[in-house]
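# Structural overview
Chain by chain, the residues:
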Amino acid sequence: MIYIKTIEQFDSYFHQDNLHKSVSVAELYRISYTISEPVTFSMYALIYFDELFGEFSRAGKRVNYTPHSLIWLKPGDSVVMRADYAKKPRGWIMAFSEELLERSGLGRDFYMFTFFNNYPISTLSLTNEQKSAVISSFLSISQLLTHYKRLFERSHSLSNEAEGQLAAKMGVMLENYLSSGLPEQKGYPTVAWLAGEFGLTANYFGDLVRRELHISAQEFIHNKMLEVAERLLLQTDKSITQIALQMGFSYPTHFVRMFKRRTGESPLRFRRRGATAAIC
């Protein structure tokens, strides 16, 4: 069983660049191997079949599909395609995450799209006019995502001054999170969380940070966590355990290990040395 849980994984499965965190369009021919094992999608999807190229099953039931037809998937659906090796899959698939509905006006009207919960034994056949409209829609969305990425990269081609702004904004986000009490509930900040705050995928955000700041996003986060931890050790009387929990560590020993690995001394030794220096 193959599980495709994110749009990034969807794009990887279809061997194409990731352009957006919540929606993607792919041509079926990009699949370089037969879908002979069940594939489960954790997202909504529309599949357009341009021709017959094998036996197709959804949710364990064979679907009778025809050339120029459409079928849909909802999160959790599994599909199997036992393809005819003499034919290359032809068609399109558009996928969008549940998160897209939650963060946009689509979510308010999605109750009307009840067909996503239906499982007909055959696909929806399209007329020539409908076929043209569907393919045009897939192409338009694909082109829109491509232009979006180009414009985004252009607008984020940062100058030295903008680099400082990016670092400052990341720093403020991390400071606010680490002082909010949320780490005790949700854990320490991750690249995926920080990328989400910028509305980007983790991979794209990581590439952006490395390109502009010449440091990995993970390293930036760890540096900020260390900076906050050192300040708490020197400026508060919180115990090591309290500081570890505030930073999002489930076990104080993990915090101590991280701190010692990055500074060469334990949090307690760092605090004592800082207190001695202050007296002197």
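Above this note sits the structure.
Our subject in this report is the structure included herewith. (Residues numbered from 1 in each chain as written. Predicted model: local features only at pLDDT ≥ 70, side-chain atom pairs only at ≥ 80, totals over all residues. Heavy atoms only, no water.)

### Here we look at helix H10 (residues 240-247)
Where we set the bar: A 1.4 Å probe rolled over the protein chains alone gives each residue an accessible area, and that area as a share of the maximum for its type sets the label: buried under 20%, exposed over 50%, partly exposed in between. Secondary structure follows DSSP: runs of H or I at least 4 residues long count as helices, runs of E at least 2 residues long count as strands, and numbering of each begins at the N terminus. It is the directions from the helix axis to the C-beta atoms whose arc is reported.
Within H10 the residues assigned to the buried category are Ile240, Ile243, Ala244, Gln246 and Met247. All buried residues of H10 fall inside an arc of 165° around its axis, so they share one side. Just downstream of H10, Gly248 is the residue with a positive phi angle, here 100°.

### Comments concerning the side chain of Asp11
Keep this limit in mind: Here Asp and Glu are counted as negative and Lys and Arg as positive; His is not counted, and neither are the chain ends. Whenever Lys or Arg places a side-chain nitrogen within 4 Å of a carboxyl oxygen from Asp or Glu, that contact is recorded as a salt bridge. The contact criterion used throughout is that any non-hydrogen atoms of two residues lie within 4.5 Å.
Topologically, Asp11 is positioned in helix H1 (residues 7-13). For the buried Asp11, no salt bridge exists, and the shortest N-O distance to an oppositely charged side chain is 8.3 Å, to Arg30. If sequence neighbours within four positions are ignored, Asp11 has contacts with Gln16, Asp17, Asn18, Leu19 and Ser24.

### Some points on the pattern of salt bridges
The final tally for this structure, using the stated rule, is twelve salt bridges. Among the ionic pairs, Arg90 bridges to Asp50, the shortest N-O distance being 2.9 Å. Within this pair, whereas Arg90 is found in the loop between strand E8 (77-83) and strand E9 (91-96), its partner Asp50 is found in the loop between strand E4 (44-49) and strand E5 (54-58), the two being separated by 40 residues in sequence. Among the ionic pairs, Glu265 bridges to Arg269, the shortest N-O distance being 3.7 Å.

### A short note on the sheet that holds strand E3 (residues 39-41)
To keep it simple, the criterion reads: A pair of strands is treated as paired once DSSP finds two or more bridges between them. Helix axes use the C-alpha atoms of the stretch in contact, all axes being lines fitted to C-alpha atoms, and the angles between their N-to-C directions lie in the range 0 to 180 degrees.
The strand order E1-E3-E8-E5-E6 describes an open sheet built from five strands, whose pairing is mixed. Both outer strands of the open sheet, strand E1 (2-4) and strand E6 (61-63), are each paired with one neighbouring strand and no more. Each strand axis lies, on average, 30° off the axis of its neighbour in the sheet, ignoring direction. Relative to E8, E3 runs antiparallel, the two being bridged by three bridges. Bridge pairing in E8 links Thr40 to Ser78.

### Things to note about helix H11 (residues 252-263)
Selection rule: Here the expected length of a helix is defined as 1.5 Å per residue gap, with one fewer gap than residues.
A rise of 1.5 Å per residue sets the reference length of H11, with its twelve residues, at 16 Å; its end C-alpha atoms lie 16 Å apart and thus fit the reference within 8%. Turning to H11, its buried residues are Phe255, Met258 and Phe259. One side of H11 holds all its buried residues, which, seen down the axis, span an arc of 95°. With respect to the buried face of H11, the exposed residues turned more than 90 degrees away are Arg257 and Arg261. Remark: Gly264 follows H11 within two positions and exhibits a positive phi of approximately 90°.

### Looking at the nonpolar core
Let me state the cut-off plainly: We define the nonpolar core as a collection of buried residues of types Ala, Val, Leu, Ile, Met, Phe, Trp, Tyr and Cys that are connected through side-chain atoms lying within 4.5 Å of one another.
Formed by 33 residues in total, the largest nonpolar core has its most connected members in Met170, Leu194, Phe205, Met247, Phe249, Phe255 and Phe259. Counting residues per element, the ones that place at least two in this core are helix H5 (160-178), helix H7 (191-197), helix H8 (202-213), helix H9 (217-235), H10 and H11. At nine residues, H9 tops the list of elements feeding residues into this core. Non-local contacts of Phe249, meaning those with residues more than four positions away in its chain, are made with Tyr188, Met225, Ala244, His254, Phe255 and Met258. Judged by nonpolar contacts, the second largest core, of 25 residues, contains Phe10, Phe14, Phe49 and Met81.

### Let's talk about the packing of aromatic side chains
Any pair of aromatic rings gets described here by the distance separating the centres and the angle formed by the planes. In plain terms, the rule: What counts as a ring pair is set by centres within 6.5 Å for rings of Phe, Tyr and Trp (its six-membered ring), and what kind of pair is set by the plane angle: stacked under 30 degrees, edge-to-face over 60, tilted for all other angles.
One pass over the structure, following the stated rule, counts 16 aromatic pairs. With a centroid separation of 5.3 Å and an interplanar angle of 40°, the aromatic rings of Tyr188 and Phe249 are classed as tilted. With Tyr188 in the loop between helix H6 (183-186) and H7 and Phe249 in the loop between H10 and H11, this residue pair connects regions lying 61 residues apart in the sequence. Given a relative accessible area of 41%, Tyr188 falls into the partly exposed group. Judged by its relative accessible area of 9%, Phe249 falls in the buried class. By way of ring pairs, the aromatic residues Tyr188, Phe249, Phe255, Phe259 and Phe270 are connected into one cluster.

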